[in-house]
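Here is what each chain is made of, one letter per residue.
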Amino acid sequence: MIRYMFLLAIAWSANAQSLDSVFLSSNNNKKSIENLKCSKIEPSGGGGVWQGCYNCFTCDHPRIRQHYKAKSITRRLIVDDNCAPLEVCCVQQSEVTSIRSQENCGMSNPEGEPRRVRSTLRSVLPGQYPWRAWVYAGDQKRCPVSYINFYPDVLVTTATCLKHVTNNEDDLSVRFERDPTKVANIASVVIHPDYNYDDTNQYDIALLKLDTVVNTSRPVCIPEREPEVGTTCVAVSEDDITITAVIPPQNQCNNTDGTLCALVPRFDFIPESASGLFCVDQSQQREKYFLHGIMLSFSENLIRYTRISDYEKWISDEIKSMA
């Protein structure tokens with residue numbers, strides 16, 4: 001089974017010939033892929049048999065770097081009779097499934113990460129919402145971004161934030177904390193093709209792909225539908241203060257297509273421009289935050305956002321093209 005799984009990883013990464021033809025060239029050509037059973041692999045050295053099902057990759061493969069918390073084991077395996085032994089890292093499928101599944105999106109750390117004491121009652125702790133990050137151009141902060149996907153590592157923000165820098169990605173970076181030593185590099189920026197530079201309320205959304213593996217954060221969930229009326233959400237000010245926002249009937253907000261409005265208390269703190277609107281879906285068994293909006297504008301106690309659910313398919317399609 002491990003030979004099959006390793007060949008599968010190689011075929012995927014190299015876009016080589018079909019898996020059936022690769023597999024039939026090995027010693028197991030009397031077996032079909034369909035009747036293989038997951039059983040065990042044997043270590044290259046002494047130590048007995050390693051039981052269970054595993055995914056194996058070359059140790060420098062991005063998939064392995066994603067599983068930094070898993071107990072990855074290095075083994076030497078022979079792909080076929082004509083290949084030299086190749087060092088690979090193997091991760092239990094149970095750990096891969098846990099790490100890769102959407103069950104882990106939107107999980108906050110209410111006491112911070114690492115744990116610490118709040119300076120004030122409404123302070124947002126570092127790592128409390130682990131998907132929060134900021135785009136920098138050189139040493140200048142441009143806007144917040146929200147981490148929405150890993151492998152590839154992708155973040156979302158407004159197109160307005162990035163419209164003047166899309167041809168100069170080398171100067172851009174992302175910081176997941178307000179700490180200049182923890183920097184992730186940006187590989188590419190994708191602005192929605194229908195974004196109008198003269199009308200920032202239409203298609204005001206952009207994606208960033210990182211070329212640096214993110215090991216310390218979890219993505220926020222992406223919704224497929226807009227939040228229900230009365231949903232209580234969280235917004236955050238530039239000074240990291242929690243702001244309670246409520247979703248009103250949208251027909252009272254004079255929305256344009258693709259936008260969402262939320263209400264906050266009068267004379268309270270103002271959410272940071274381009275920051276996310278994080279709402280808990282009450283239908284979920286566990287408390288999970290969904291990114292329902294990216295802030296566009298603020299007037300009195302009404303905030304207007306890009307409505308993420310309207311762009312769910314575009315986001316999904318772009319992420320697939322980046323992988």
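Residues numbered from 1 in each chain as written. Predicted model: local features only at pLDDT ≥ 70, side-chain atom pairs only at ≥ 80, totals over all residues. Heavy atoms only, no water.

1. Describing the pairing of strand 10 (residues 183-191)
Looking at chain direction, strand 9 (residues 172-175) and strand 10 are connected through three bridges and run antiparallel. Counted as the bridge partner of Val-174 is Ala-184 from strand 10. Note that strand 10 and strand 11 (residues 206-210) share five bridges and pair antiparallel. If you follow Val-189 over to strand 11, its bridge partner there is Leu-208. (Pairing = 2+ DSSP bridges. Helix = DSSP H or I, 4+ residues; strand = E, 2+ residues; numbered from the N terminus.)

2. With respect to the nonpolar core
Grouped together as the largest cluster of nonpolar side chains are 45 residues, with contacts concentrated most on Ile-148, Leu-155, Val-174, Phe-176 and Ile-315. With near-sequence residues (within four places) excluded, Ile-315 lies in contact with Ile-148, Ile-205, Leu-207 and Ile-308. Counting 13 residues, the second-largest nonpolar core is a separate cluster that includes Ile-243, Leu-260, Ala-262 and Cys-279. (Core = buried A, V, L, I, M, F, W, Y, C linked by side-chain atoms within 4.5 Å. Buried < 20%, exposed > 50% of the residue type's maximum accessible area, 1.4 Å probe, protein only. Contact = heavy atoms within 4.5 Å.)

3. Concerning the sheet that holds strand 9
By definition, the strands of a sheet pair up through backbone hydrogen bonds, in either a parallel or an antiparallel sense. Sheet architecture is closed into a barrel: six strands sit in the order 6-7-8-11-10-9, paired in antiparallel fashion. Strand-to-strand twist across the sheet, computed as the mean angle between neighbouring axes with direction ignored, equals 40 degrees. The sheet contact formed by strand 7 (residues 140-149) and strand 8 (residues 154-157) spans three bridges and is antiparallel. When the sheet's bridge partners are listed, Tyr-147 is paired in strand 8 with Leu-155. Across the face of the sheet, helix 6 (residues 312-322) comes into contact with strand 7, strand 8, strand 10 and strand 11 while running at roughly 25 degrees to strand 11. (Axes fitted to C-alpha atoms, helices over the stretch in contact; angles between N-to-C directions.)

4. A short note on the packing of aromatic side chains
By the definition in use, this model includes seven aromatic pairs. Taken together, a centroid distance of 6.0 Å and an interplanar angle of 35 degrees make the contact between Tyr-129 and Phe-278 tilted. Here the residue Tyr-129 occupies a position in the loop between helix 4 (93-100) and strand 6 (132-137), and Phe-278 occupies one in strand 15 (residues 276-280), the gap between them amounting to 149 residues. The exposure class assigned to Tyr-129 is buried, which follows from its relative accessible area of 7%. Each ring, one from Tyr-129 and one from Tyr-289, has its centre 5.5 Å from the other, and the planes form 75 degrees; the classification is edge-to-face. Of this pair, Tyr-129 sits in the loop between helix 4 and strand 6 while Tyr-289 sits in strand 16 (residues 289-299), placing them 160 residues apart in sequence. Members of the aromatic cluster, connected to one another through ring pairs, are Tyr-129, Trp-131, Phe-278 and Tyr-289. Between the NZ or CZ atom of Arg-175 and the centre of the ring of Tyr-136, over which it lies, the distance is 3.8 Å. (Phe/Tyr/Trp six-rings, centres within 6.5 Å; stacked < 30°, edge-to-face > 60°. Lys NZ or Arg CZ within 6 Å of the ring centre and 35° of its normal.)

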